[in-house]
Amino acid sequence: MKTMNVIKATMLLATALVTVGCASDDAIENEQQGGSKMPAHAVVFSGENQAKPAYTRTTLSSHTKGSETAVEWEASDHVWVKDDAGVYQKSTITEIPNLQNKSIAMFGLTTGSFTGTNHSVVYTGKNSTSATEVEIKAEQTQTVTNSFAHLGVSGDCGVATATKKADGTYRFKLEHKAAYICIYPRIEEHDRLQKNVKLTKIVLVSSSGPIAGKYDFSTGTLGSTPTSDASNTITLTTPSGEISTATRVDTSYYAVIAPGTHTLRAKYYITDPSTNVSKVVMKDLGTMTFTSGKFTDVTAWINKELVEFNNFYMWDAKKPYWYGFESVQPLTDGASNPNYPQSGDERYWNHHVSPSAEGSHNPLFMSSSPRHVPNMNEMSWYLLKGDPRLDAAGVYVFNGHLQQGRGVWFKKMAKIIADNPTEVAAAGGNVKEMGIGGWPGPYNDYRTTWHWFSVIPSNTAPTEDEQYDYFFVPAVGYYSNDKYYSNMIQYYTSTMHSEMGIYMLFEGFGGLAVYYTAMGTGGMPAVPFF
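Residues numbered from 1 in each chain as written. Predicted model: local features only at pLDDT ≥ 70, side-chain atom pairs only at ≥ 80, totals over all residues. Heavy atoms only, no water.

Draft legend 1. Representation of the sheet that holds strand E10 (residues 133-136). The three strands are arranged E10-E17-E18 in an open sheet whose pairing can be described as antiparallel. Unpaired on one side and paired on the other, E10 and strand E18 (228-231) mark the two borders of the sheet. Each strand of the sheet is rotated relative to its neighbour by a mean of 25°, with strand direction disregarded. (Pairing = 2+ DSSP bridges. Helix = DSSP H or I, 4+ residues; strand = E, 2+ residues; numbered from the N terminus. Axes fitted to C-alpha atoms, helices over the stretch in contact; angles between N-to-C directions.)

As structure tokens, then:
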């Protein structure tokens, strides 16, 4: 008669996890509680417990950022145990004796003989067919925030030695061998956008080698490179994922990743269901070391470069153009409303500044402010060295929603500086203080030296990967007194020239130009460039 061999195990993590997080999962179907169905002649492998557990396998049940984690068995899990002949046998029956403590599981094996003092145990993932191969999935799915229910199917793995005790039972502690990443995306200081968008997927891209694939596990450690199906990307699908306003555990996302040192970029794909517009936000994570059995936390400020373009001001006004009248703001081309700013209103432009000056009422119009609209010197660099590219379908934020429409891409200033070291050095190393091009020399301070510029932008929009170094300026138009004129690129600079007036970026002279307007009475978007 064939003997049923049973492993009863509480999975204890061999090394403490560095960063972790997750709330309890729902009870899993088909788990057994009480009334064991194991045969009477079974050999029992019994698990241990701790007063303050750090259990492992296979669904994360409790998770607090920066502390230990609790992970539980599922009834669909199985382990591989090396028998007396040195052959790994797969468990065929799994029972969870107590649903209130799913860290304890009983595993039944129908083949092999187990009489030794010690037996090797391996876990190679849910649905695995081999004790010597682990697949870290390049495609992973998380259906609920703050849930690592996909841990077992995504590439989790571990090893242990089951030791025979005086009472004849065996016990073991699993040591995890995969690495894990916990991502905390957030949308700050923009409640409307946060409520209107969903996270649909996160893509991790490695520029330093594979982070997923099939790995040899014959030595109980993941091989340094995949044996097949190597992938430099991991895509975590997050259908309708929530994004919090802060770094919070209850809106976190998890993925299994190959241990090692990787240089990563994260791509966050968000969608606005109301407008059906999607946007990818890219963040370089740099070079990070992922350790077997440990979590690595990553925080992400999703909207840091997703600014609100419904932010119209007169030049250097203290308040927005429609402040106090937001509910009647005209938002369709040609629409009007009589509640536009008047002289003496805090929404009216600052015409009391000295000639050749920047704003003094509003930090948005002061280049000394960390976040300000470009001054004329900075705008010359954007226009002449920023590789402007027109795009009929750029994505931007307007009224708290993702919108898609016409506009122009510019290189970010950091990219302009990196691409033009000689010119920047010749300009004194400070693009705020010295502009490029024009007259009387190649570098001038256009806050005091009058000049205007025009360029013909490219009609080739940057690719998705190129967009990391660019930012999009949409054609959201402007207000003239009470009337709205949409679908135009028109933006103030922070510079007023003593003779000509206020410099602005607009469509003209056959392309894009920086020219002047005599007064700052129009309402244009006051949006800092990047």
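From this point, the discussion proceeds with the structure in view.
Draft legend 2. Geometry of the pattern of salt bridges. Taken as a whole and assessed by the stated rule, the structure comprises 20 salt bridges. Lys-177 is paired through a salt bridge with Glu-175; the nearest N and O atoms lie 3.3 Å apart. On the basis of relative accessibility, which here comes to 13%, the residue Lys-177 falls in the buried class. Between Glu-423 and Lys-385 there is a salt bridge, and its shortest N-O distance comes to 3.9 Å. You can see Glu-423 sitting in helix H5 (residues 421-426) and its partner Lys-385 sitting in helix H3 (residues 376-385), a full 38 residues away along the chain. Overlapping salt bridges bring together Lys-267, Glu-464 and Asp-465 as one network. (Salt bridge = Lys/Arg side-chain N within 4 Å of Asp/Glu carboxyl O. Buried < 20%, exposed > 50% of the residue type's maximum accessible area, 1.4 Å probe, protein only.)

Draft legend 3. Quick look at the pairing of strand E27 (residues 401-411). Relative to E27, strand E26 (residues 389-398) runs antiparallel, the two sharing eight bridges. When the bridges of E27 are listed, Arg-389 appears paired with Trp-409. Sheet topology note: the E27/strand E31 (residues 470-474) ladder contains five bridges and is antiparallel. Bridge assignment links Phe-410 to a residue of E31, and that residue is Phe-471.

Draft legend 4. Spatial organisation of the sheet that holds strand E36 (residues 511-517). Within the open sheet, the five strands sit side by side as E25-E34-E35-E36-E30. Their pairing is antiparallel. Either end of the sheet is taken by a strand with one partner, and the two such strands are strand E25 (357-358) and strand E30 (453-455). Inspection of the sheet shows E30 paired to E36 by three bridges, in the antiparallel sense. In the sheet register, Val-455 faces E36, and the bridge partner there is Leu-512. Packing against the sheet, H3 makes contact with E30, strand E34 (490-497), strand E35 (501-508) and E36, and its axis sits at approximately 20° to E30. (Contact = heavy atoms within 4.5 Å.)

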